[in-house]
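Inside the fold
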Amino acid sequence: MQKKRLLGIQPKVLKGKSKEEYIVEAQVIQIEEDKILELDVYWKNTEVSGGSGKHELLARHFLNEQKEEYATYLLKDISNYSYRYQKDKWSGMQYRTLLNNGDINVWYHTPTTSKTEETRKVIKEYFSLEDTRGVDSYIASVESHIKWEKDQSALERKHQRINDMMDTVPAITDTEEFEQWIDEVVFADKYIFSSTKKEAKGYLYICSHCGRRYYSKEKPRHNTSTQCRWCKSNGIVKTRVSEITEEKNVMIAQPFGETYILRHLKFRRYSYAEKNTTPIKAKSTISSMEKVRMIMYPEDTKIYYNNDWFGRNASNWSDKKNGTIIDRWFYMYPGELDKTCMEENLKRTLMAAAKCGKYLQLNELIRWYESYTYIEYLIKGRFYELANRFLGGYRKFYISPSECLNKKGNSLSELLQIDKQRCNRLRDMDGNEFALNMLQIEERDGLKVTQENLQFINDNCIEVDDLQIYRTGLSVNRAINYIRRIIKSSRLGVRTVLQYYSDYLDMAKERGADLTDDIIRVYPRMIERHNLYVEERERKLNDNLIAEKNKKFARIEADYSLNYSLFHWEDKKYVITVPKNAGEIVMEGKMQHHCVASSDNYMQKMNDRKTFILFLRKKEAPDMPYYTLEVGKDNKIIQSYGAYDRKPDWSEVSKILTKWKKDIKQKQNKLERKAS
């Protein structure tokens, strides 16, 4: 669009008058082969002419439909809550946006404009319209289509630029070495499929690594390790499944121009036994895709996402996630890592991660390396579990690094705050922060813990305070041995038993017991004693609550004889009776687990003789709650529910209630006649 030449042409002079906020004048400009529609928008300025307002030229809008171009030249400033447009400037503003004070969110609102017949005729002829109705909406649709086409074209060019740049990413230098590394490190576990059905030659074993089969007299056991007779690879025996799918992430670092690139690849291995073939064979296939590429510019990181699925050869890279999740856990491929311009400390740490061949949270490490510089010590020292946990992979029962580590330490011993012998103990078990914390306490307080019990602490994420040793005076080993005996006898989980033990000691202390006495601190039936304490506490609470309710709603007890005479009923199988006091209503609600006990509302209404709570029981179990009833005037049953607000045996119970209403009505009539 030839903007200078367009501004050299005089705008269309305002001819019409209107009360509308905008008046539009139109003309068609011919510049060489271009036929351009000019829409001159006049805006009513209410600050002049004594407040009545005067229309002034706001902007000149130009549209070239053939070349799919449009532009706006402003004669006045326009601003709203999101944008500010300056006068005497060109803008890519659409016509409809202009009429909405520069607001691009305009589709919910169509502004009204005034146009002369001459203006309508110009617009009609330019677009070859049949009539002039809805011309503003037509112009808006034309320009919206132009914008959509431009956006799509720009998006395609952007995608092409990204994919052209991605094509410059170098391939992995040694493909065979990389494939061997994937096989030996990433998918180090091999599988040997077997059957527990013994054949004439013995039990059949099929190795997924070499694909060959053999027989053995040794009966296979699921998830045990054995060695393939042919390829000598160690494999995990599988008798309950015939196929296994695994996914692992691999990170590759490569030089890229003046910086370096991090590539996130996902590998999928499918191991299976072909049972329908003769002879039976086993295979293992590996497929891969590259999910993410991160170009690590010094000032910023550019992230690109591959939107293709597994199995596609072509790559479709974008800077939009489109649902792609950036993984945390990776194996680090050593490959060209040493050739990158990565910060040396980080490079050393990643190289250590690559050499150890462990699955680590490398993405977290790279993102926040300045906060995790000590991870280098942990990985090089072969404390992989600690490294992963301090990188944020575990949140349950988590002990923060600041509680366990001396980050200013210059050696592993100083970092972990334990001596070399204890460092070796922790390394041998690849312990976590709970085992580390226990070893630190062992060194500091002189407490001793066996390796077996240290492993128990590690596996179950137990903090020292969970063992209650400072309350009971028990040694760590004795406390753990006691907890393990309780777990075995009760068949409860570790966390459950530890919570029981803590509550048990609290309640024993409330009763004045000596927690350092073996009768208390290592009581073999601790769970049973805990439950007895709970029942006793609950009974006291109930007694206090019942006394409180009986006092508050004393009239229920005072009216018992009257209520009994009015509502008590029984037949051969059932009895409907009334509570003697408010306390019985409380216990009914607790045993039935419904709202009668939790709200004073029902007891208050019975106390005021507005409604009445009644109990339906079976005669064979008169003390066992069955149904709770709320009865109103004229013996109307307002509510009737069993335990947990359910209605067991309702078809039979509804008949009983109907019979009760009939019999009670007759009974009450007799009492009234007798009284009169």
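Residues numbered from 1 in each chain as written. Predicted model: local features only at pLDDT ≥ 70, side-chain atom pairs only at ≥ 80, totals over all residues. Heavy atoms only, no water.

Description of the overall build of the protein chain
Stated formally: Only runs of H or I of at least four residues qualify as helices and only runs of E of at least two qualify as strands under DSSP, and these elements are numbered from the N terminus. The reference for a compact globule is 2.2 Å times residues^0.38; the radius of gyration itself is calculated from the C-alpha atoms. Burial classes: relative accessible area under 20% of the type maximum marks a residue as buried, over 50% as exposed, and values in between as partly exposed (1.4 Å probe, protein chains only). Any two residues having at least one pair of non-hydrogen atoms within 4.5 Å are treated as being in contact. To be clear on the numbers: accessible area is Shrake-Rupley with a 1.4 Å probe, and residue cover counts the displayed protein chains and nothing else. In this count, Lys and Arg are taken as positive residues and Asp and Glu as negative ones, while His and the chain termini are left out. Think of each charge as sitting on NZ of Lys, CZ of Arg, CG of Asp or CD of Glu.
The helix and strand tally for the protein chain stands at 24 helices and 24 strands. Relative to the globule expectation of 26 Å for 676 residues, the C-alpha radius of gyration of the protein chain, 42 Å, shows a markedly less compact shape. If one aligns the C-alpha atoms of the protein chain with their principal axes, the spans along those axes are about 105 × 100 × 65 Å. Within the span of the protein chain, comprising 676 residues, buried residues form 45% of the whole. The contacts of the protein chain with a sequence gap of at least 6 include a subset with a gap of at least 24, amounting to 54%. Accessible area for the protein chain stands at about 37,500 Å²; split by element, carbon and sulfur atoms hold 47% of it. Counting 116 positive and 99 negative side-chain charges, the protein chain places the centres of these two groups 6 Å from one another.

Digging into the pairing of strand 2 (residues 34-45)
Threshold: Only strands that DSSP links by at least two bridges are regarded as paired with each other.
Counting buried positions over the 12 residues of strand 2 gives nine, a clear majority of the element. In textbook terms, the turn of a hairpin is the stretch between consecutive antiparallel strands, and for strand 1 (residues 22-31) and strand 2 this stretch comprises two residues, one of which, Glu32, has a positive phi near 55°. Relative to strand 3 (residues 54-64), strand 2 runs antiparallel, the two being bridged by nine bridges. Across the sheet, residue Lys44 finds its bridge partner in strand 3, namely His55.

Things to note about the environment of Glu69
By the element assignment, Glu69 lies in strand 4 (residues 69-74). Residues Glu69 and Glu143, spaced 74 residues apart in sequence, show a C-alpha to C-alpha distance of 8.2 Å. Ignoring any residue separated from it by four or fewer positions in sequence, one finds Glu69 in contact with Met1, Phe62, Leu63, Asn64, Ile146 and Lys150.

Notes on the sheet that holds strand 14 (residues 243-256)
Backbone hydrogen bonds are what pair the strands of a sheet, in a parallel or an antiparallel way. Basically, it comes down to this: With axes taken as lines fitted to C-alpha atoms, and helix axes fitted only over the stretch in contact, angles between N-to-C directions fall between 0 and 180 degrees.
Ordered in space as 18-17-16-15-14-19, the six strands form an open sheet in which the pairing is mixed. Each of the sheet's edge strands pairs with one partner strand only, and the pair in question is strand 18 (317-318) and strand 19 (331-333). The pairing of strand 15 (residues 259-274) with strand 16 (residues 281-296) spans 14 bridges and is classified as antiparallel. Along strand 16, the bridge assignment pairs Tyr272 with Lys283. Those strands touched by helix 5 (residues 175-186) are strand 14, strand 15, strand 16 and strand 19, and its axis lies near 155° from that of strand 19.

Details of the side chain of His568
What counts here: N or O atoms within 3.5 Å of each other form a polar contact, as long as, within protein, one can give a hydrogen and the other can take it, and as long as residues adjacent in sequence are counted only when both atoms are side-chain atoms.
One can find His568 in the loop between helix 21 (560-567) and strand 20 (569-570). Judged by relative accessible area, which is 14%, His568 ranks as buried. Separated by 3.1 Å, the side chains of His568 and Glu570 make a polar contact.

A look at the side chain of Lys347
Among the secondary structure elements, Lys347 is positioned in helix 6 (residues 344-356). For Lys347, a relative accessible area of 10% translates into the label buried. Among all residues touching Lys347, those that are not within four sequence positions of it are Leu337, Asp338, Thr340 and Met342.

Digging into the packing of helix 13 (residues 433-445) against helix 14 (residues 451-460)
For clarity, the threshold we go by: Angular relationships are summarised with four words: roughly parallel below 35 degrees, roughly antiparallel beyond 145, roughly perpendicular across 65 to 115, and oblique for the angles in between. Any residue outside Ala, Val, Leu, Ile, Met, Phe, Trp, Tyr, Cys, Pro, Asp, Glu, Lys and Arg is labelled polar, Gly included; the first ten of those are nonpolar and the last four are charged.
At a minimum axis separation of 7 Å, helix 13 and helix 14 run at an interaxial angle of 135°. Relative to helix 14, the element helix 13 lies oblique. Seen from helix 13, the contacting residues are Phe434, Ala435, Met438 and Leu439; seen from helix 14, they are Leu454, Ile457 and Asn458. Of the residues belonging to the contact of helix 13 with helix 14, the class tally is six nonpolar, one polar and no charged.

With respect to the pattern of salt bridges
To be explicit about the condition: Salt bridge, as applied in this entry: a Lys or Arg side-chain nitrogen positioned within 4 Å of an Asp or Glu carboxyl oxygen.
Applying the stated criterion across every chain, the model contains 49 salt bridges. One salt bridge connects Lys291 with Asp327, and the closest N-O pair in it is separated by 3.0 Å. With Lys291 in strand 16 and Asp327 in the loop between strand 18 and strand 19, this pair connects stretches of sequence that are 36 residues apart. Residue Lys291 shares its accessibility class with Asp327, and that shared class is buried.

A word on the sheet that holds strand 11 (residues 213-216)
The five strands are arranged 11-10-9-13-12 in an open sheet whose pairing can be described as mixed. The open sheet has two edge strands with one neighbour each: strand 11 and strand 12 (225-227). Each neighbouring strand pair of the sheet contributes to a mean axis angle of 40°, computed without reference to strand direction. Pairing analysis gives three bridges linking strand 9 (residues 190-194) to strand 10 (residues 203-207), with the strands arranged antiparallel. Bridging across to strand 10, Phe193 finds its partner in Ile206.

Regarding the nonpolar core
Test applied: Here, nonpolar core refers to any group of buried Ala, Val, Leu, Ile, Met, Phe, Trp, Tyr and Cys residues whose side-chain atoms link them within 4.5 Å.
Grouped together as the largest cluster of nonpolar side chains are 83 residues, with contacts concentrated most on Ile375, Leu378 and Leu416. A total of eight residues in this core trace back to one element, the largest contributor, which is helix 17 (residues 494-510). Not counting residues up to four positions away in its chain, the partners in contact with Ile375 are Thr349, Leu365, Ala387, Phe390 and Leu391. Within the second largest apolar cluster, 28 residues are counted, among which are Met603, Phe615, Leu616 and Trp660.

Some words on a negative patch on the surface
So the rule is basically this: Patch membership needs two things, relative accessible area over 30% and no salt bridge, and members are linked within 9 Å if like-charged or within 5 Å if nonpolar (Val, Leu, Ile, Met, Phe, Trp, Tyr).
A contiguous patch of negative charge on the surface is contributed by Asp174, Glu176, Glu177 and Glu179. One can find Glu177 in helix 5.

Considering the packing of helix 21 against helix 24 (residues 650-675)
Packing of helix 21 against helix 24 brings their axes to within 8 Å, and their N-to-C directions diverge by 120°. The orientation of helix 21 relative to helix 24 falls into the category oblique. Counting all contacts with helix 21, which are made through Tyr564, Ser565, Leu566 and Phe567, the residues of helix 24 involved are Trp660, Ile664, Lys667, Gln668 and Leu671. Partitioning the contact of helix 21 with helix 24 into residue classes produces six nonpolar, two polar and one charged.

Some points on the state of the cysteines
We count it as follows: Disulfides are defined as cysteine sulfur pairs within 2.5 Å.
This structure, assessed with the given rule, holds zero disulfides. Of all cysteine sulfurs, the one in Cys423 lies closest to Cys356, which takes part in no disulfide; the gap is 18 Å.

Describing the confidence of the model for the protein chain
Note the threshold: Scored between 0 and 100, pLDDT is the confidence that the predictor attaches to each residue.
Model confidence for the protein chain is summarised by a mean pLDDT of 89, while 96% of its residues fall at 70 or above. Helix 10 (residues 401-404) is the least confidently modelled element of the protein chain, averaging 80 in pLDDT, while strand 19 averages 96, the highest of any element.

Some remarks on helix 4 (residues 135-166)
Given 3.6 residues to a turn, an α-helix orients residues that are three or four positions apart in the same direction. Definition in use: By definition here, a helix of n residues has an expected span of 1.5 Å times n minus one.
Given a rise of 1.5 Å per residue, 32 residues ought to cover 46 Å, and the 46 Å separating the end C-alpha atoms of helix 4 matches this to within 8%. Among the residues of helix 4, Val135, Asp136, Ile139, Ala140, Val142, Glu143, Ser144, Ile146, Ile162, Asn163 and Met166 are the ones counted as buried.

Observations regarding the packing of aromatic side chains
What counts here: Pairing of aromatic side chains requires ring centres within 6.5 Å, counting the rings of Phe and Tyr and the six-membered ring of Trp. Pairs whose planes differ by under 30 degrees are stacked, by over 60 edge-to-face, and all others tilted. Charge-over-ring placement is defined geometrically: NZ (Lys) or CZ (Arg) within 6 Å of the ring centre, and within 35 degrees of the ring normal.
Per the counting criterion, the structure on display carries 22 aromatic pairs. Each ring, one from Phe178 and one from Trp181, has its centre 6.2 Å from the other, and the planes form 20°; the classification is stacked. Linking Phe178 with Trp181, this pair stays in helix 5, spanning three residues, or about one helical turn. Here the two residues Phe178 and Trp181 agree in accessibility, since each one is buried. Each member of the aromatic cluster is reached from another via a ring pair, and the members are Phe178, Trp181, Phe267 and Tyr333. The ring of Tyr523 carries Arg529 above its face, with NZ or CZ at 4.5 Å from the centroid.

A closer look at helix 3 (residues 117-127)
Formally: The directions considered for the arc run from the helix axis to the C-beta atoms.
Restricting attention to buried positions, one finds in helix 3 the residues Thr119, Val122, Ile123, Tyr126 and Phe127. Looking straight down helix 3, one finds that the buried residues subtend no more than 115° of arc, so they occupy a single side. Opposite its buried face, helix 3 presents the exposed residues Glu117, Lys121 and Glu125, each directed more than 90 degrees away. Buried residues in helix 3 make contact with strand 1, strand 2, strand 3, strand 8 (113-115) and helix 4. With its phi angle positive at about 60°, Ser128 sits one or two positions after the end of helix 3.

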